[in-house]
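Listed below, chain by chain, are the residues.
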Amino acid sequence: MMLLTFLITTLILLLIFILLGYIGAPLWAWTIYGSAVIGTLKAPIWLWIAYVILAIVMNIPLLRCWLITSPVVKLAQSLQLFPKISETERAAIEAGTTWVDGEFFIGKPNFQRILNEPYPQLTPEIQAFLDGPVEQVCRMASDWEIYQRQDLPPEVWDYLKKEHFFGMMIPEEYGGLGFSNLAYSAVMAKLASRSFTHVATVGVTNSLGPAKLLLRYGTEEQKSHYLPRLASGEDIPCFALTEPKAGSDAASITSNGMVFKGDDDQLYLKLNWNKRYITLGAIATLLGLAFQLHDPDNLLGKGKHPGITCALIPTDLPGVIHNRRHDPMGVPFYNSPLEGHDVIVPVGQVIGGVEQAGQGWKMLMQSLAAGRGISFPATCTGVTKLVSRVAGAHAVVRKQFGLPIGRFEGVEEPLARIGGITYIIDAVRLYTCGAVDQGEQPAVVSAIAKSQTTELARRAVIDGMDILGGSGICRGPRNLLANVYTAMPIAITVEGANILTRSLMIFGQGAIRSHPYIYDEISALERSDIATFDPAFWPHLGLIFSSGIRAGLLSLTRGRLTHSLGQRETAIYYRKLAWASAAFANLSDFAMLSLGGSLKRREMLTGRFADMLSWMYLGSATLRRFEAEGRQAEDLPLVHWSMQYAFAQIQQAIEGIVSNLSLPLSGWVLSWWRLNPIGAQPSDQLGHQVAQILQTPGEGRDRLTSDIYIPNHPEEAVGRLEQALRLSVQAEFIIKEIKNAITIGQLPKSKPIELVDAALEEGVIDADEATQLRKAEASRSHTIQVDSFTLEEYQQRHSTMEAEQIIMLSPRIH
């Protein structure tokens, strides 16, 4: 009987232990639990005394700091358990805010908060701008025409200025449109569906450039002078940061400015620079310049080397050279090298005045913290929506072996991927815009949004090209994807190359920024500040223990222990996100604890952690979209595909982490994850359902690809394809009637289109149906044609393009 009582008591204590760990109980609760354990064991008095002393020390912060935390600090410093942070890294880390990304580092995400985050909607005024000026500027020139000219037509430039496209984000008081980030994003998405040149041209004037820096840091005098000129297009801006030896390592720029006193006793800057990859550089009238500021005589009172500074440079000044262009993948937007030789400007040209001298790096990091999460998802949304419509329509219109190619599973697979990716990217765009418009500067989320949407869009474009086959590679006015295909590496590369973003920024810096305790611990260790280290370190240990318990239990129960939000159809995904978050928190803390400062150099490992974090965010954005849009039943295949694809990526990341992290019993852990995976690739049946959405005219397809430019004129390539799709779908039932007649022997075996007259004569179809079928076939035949040129036309076209670019392509290295 006593043994049974002991076993029951032990079991109860074990269950309480697991429960306290699962919920992340505070220290006082563990103290009470410890006393219960000791009491159950009927421990001797000396053990009770030792436990009481330990409990008093641990629960009184002053004693804990003196007796325990102080030695821990010395040990952590000697072992270099935490990475060191340089000043440039610190500026980057402190530039933004932690948003919902912080939920995943805790291992216990608050889904109520995630679902209650703002999900913005377009106002009638913005919708009118999309349907009016944006529609008009898209109508004015096709992508092919822009490529032929190697520039936007003059009338498009004039219209962009007239309608204040270059001042969308500038407040109305300065002559701009005063758009929100959502409104700007919607405009960019629609422009992207027409031409990449549009977004490259309009984007830099609104996203990262003088206007944005002026709004945040400029003096009132600078704002009043420059912002109206930028809003009207009187000044064309660019921003120069990248140099031949300072790309991803932008903080290592060598462009310099020397402070000196002029003959008039005023302070000036003598500037020298050599920049490259500067969008709009060759036509800019106002240059935002990042440079190292030197003040040998300390005339500004900020020391001899204040650091990176940003200034406004009119490009008509002596010494400014901006008369050349790069050729980025043949995409005809202005991208240029820039040079400056002994350019003299008043010190008042520093953005924000003398007070902001040396603050340029912080300015840039704070601007990028949110900016890259807006422009790139918008561009990729427009691109993938275009690919969805084009690939889906082509899969119906194009026939092989007597069937539309979309009926073949080999085509359905990439079609499904295109549809799912499009749904995910638009969800990320809207969710991120909502945060930024609420005042957040989610640097980690922005890095995720930039890198993931551009990678996914590239995958979708490649899939679209594969589906289009030969019609995708023959360039000309009928080709809708070739130019997008060549432009995608640009989005992958700019504003933080994706390799860098994935391997260093998302987790490398994100683990420090978004983790609830790491940054405080590192900062405290650098200052040997025991009082600050103590309230961060001990809760961190508790978090490690708690996330380990949660990860284990949620893995054993496949997330069923956690509370599920959402409807029955999506409840499983909330459970899996909770499971993934617990595993992520536990694995990331173990990696940081075991590898210490060397984790920063394990970039393949941090890249996999970045993938895991990224797909938890993408999955959360997808679920938020589904809820915000009223749980549309027609969208469920897209939601299921997107979430299952997300968890398949998380599973792949987990396996890579466990395989390369020296975990205790790592072989057993890896085997467990493979036997009990958190996700697998979407099923073929689900892929078929998504592919059908892309191939079926109607509400589902229109909602997935809303607010892009879709010309309805059949002489436009997209308009022609859309018309052929509608006619082909309408004619399907007629073709079925003819095939049924062939099956029963009423009509001879032949292609249905060749039996129209016979079917009409036999009464299988009527005259209207015969006309409809012939019209559909004529439209189909016309649509699948590809462009060709006479030898003279081809040679003349390329000779003209070469002549226009002869200066740009003449030998010179930057």
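Please read all numbers here as calculations on a predicted model, not as lab measurements.

Participant: Pulling in residues and values, what's your account of the packing of helix 2 (residues 27-41) against helix 3 (residues 45-59)?
Facilitator: For any two helices packed against each other, one specifies the crossing angle of their axes together with the interaxial distance. Axis separation between helix 2 and helix 3 bottoms out at 11 Å; the angle between their running directions is 180 degrees. The angle between the axes of helix 2 and helix 3 places the two elements in the roughly antiparallel class. Counted together, Leu27, Trp28, Trp30, Thr31, Gly34, Ser35, Ile38 and Gly39 of helix 2 and Trp48, Tyr51, Ala55, Met58 and Asn59 of helix 3 form the full contact between these two elements. Here the residues of the contact of helix 2 with helix 3 are counted per class, giving eight nonpolar, five polar and no charged.

Participant: Lay out a nonpolar patch on the surface in plain terms, naming residues and giving numbers.
Facilitator: A cluster of nonpolar residues, Leu3, Phe6, Leu7 and Leu41, forms a patch on the protein surface that exposes about 430 Å² of accessible area. Examined against the element boundaries, leucine 7 turns out to sit in helix 1 (residues 2-23).

Participant: Just give me the short version of the confidence of the model for the protein, but keep the residues and values in it.
Facilitator: One rule of thumb: low pLDDT means the predicted coordinates there are not for detailed reading. Confidence along the protein averages 90 in pLDDT terms, with 97% of residues attaining 70 or more. Ignoring residues within four places in sequence, the model shows residues 805-814, a span with pLDDT below 50, making 18 contacts including any to other chains.

Participant: Residues and numbers for the pairing of strand 7 (residues 335-346), please.
Facilitator: Relative to strand 7, strand 3 (residues 267-279) is paired through nine bridges, and the arrangement is antiparallel. Directly across from tryptophan 273, in strand 7, lies its bridge partner glycine 340. Direction of pairing for strand 6 (residues 320-321) relative to strand 7: antiparallel, over a ladder of two bridges. Bridge pairing in strand 7 links valine 320 to glycine 340.

Participant: Give a detailed account of unusual backbone geometry, specifying residues and quantitative values.
Facilitator: If you check the backbone angles, histidine 164 has positive phi at about 60 degrees while not being a glycine. Take histidine 164: it is sitting in the loop between helix 10 (154-162) and helix 11 (181-192). Given a relative accessible area of 25%, histidine 164 falls into the partly exposed group. Positive phi, normally seen in glycine, also occurs at arginine 631, with a value near 50 degrees. Mapped onto the fold, arginine 631 is located in the loop between helix 24 (603-628) and helix 25 (636-660).

Participant: Describe the pairing of strand 5 (residues 307-314), and please don't skip the residues or the numbers.
Facilitator: Most of strand 5 is tucked away, with seven of its eight residues classed as buried. Taken together, the eight bridges between strand 4 (residues 286-294) and strand 5 define a ladder with antiparallel strand orientation. Bridge assignment links leucine 293 to a residue of strand 5, and that residue is glycine 307.

Participant: I'd love a proper account of the environment of isoleucine 753, names of residues and values included.
Facilitator: The residue isoleucine 753 is located in the loop between helix 29 (717-743) and helix 30 (756-761) in this model. The exposure class of isoleucine 753 is partly exposed, given its relative accessible area of 34%. Through-space distance from the C-alpha of isoleucine 753 to that of alanine 776 is 10.0 Å; in sequence the pair is 23 residues apart.

Conventions we followed
Residues numbered from 1 in each chain as written. Predicted model: local features only at pLDDT ≥ 70, side-chain atom pairs only at ≥ 80, totals over all residues. Heavy atoms only, no water. Axes fitted to C-alpha atoms, helices over the stretch in contact; angles between N-to-C directions. Helix = DSSP H or I, 4+ residues; strand = E, 2+ residues; numbered from the N terminus. Parallel < 35°, antiparallel > 145°, perpendicular 65-115°, else oblique. Contact = heavy atoms within 4.5 Å. Nonpolar A, V, L, I, M, F, W, Y, C, P; charged D, E, K, R; others polar. Patch = residues over 30% accessible without salt bridge, like charges linked within 9 Å, V, L, I, M, F, W, Y side chains within 5 Å. Areas by Shrake-Rupley, 256 points an atom, 1.4 Å probe, with all protein chains shown as cover. Salt bridge = Lys/Arg side-chain N within 4 Å of Asp/Glu carboxyl O. pLDDT = per-residue confidence, 0-100. Pairing = 2+ DSSP bridges. Buried < 20%, exposed > 50% of the residue type's maximum accessible area, 1.4 Å probe, protein only.

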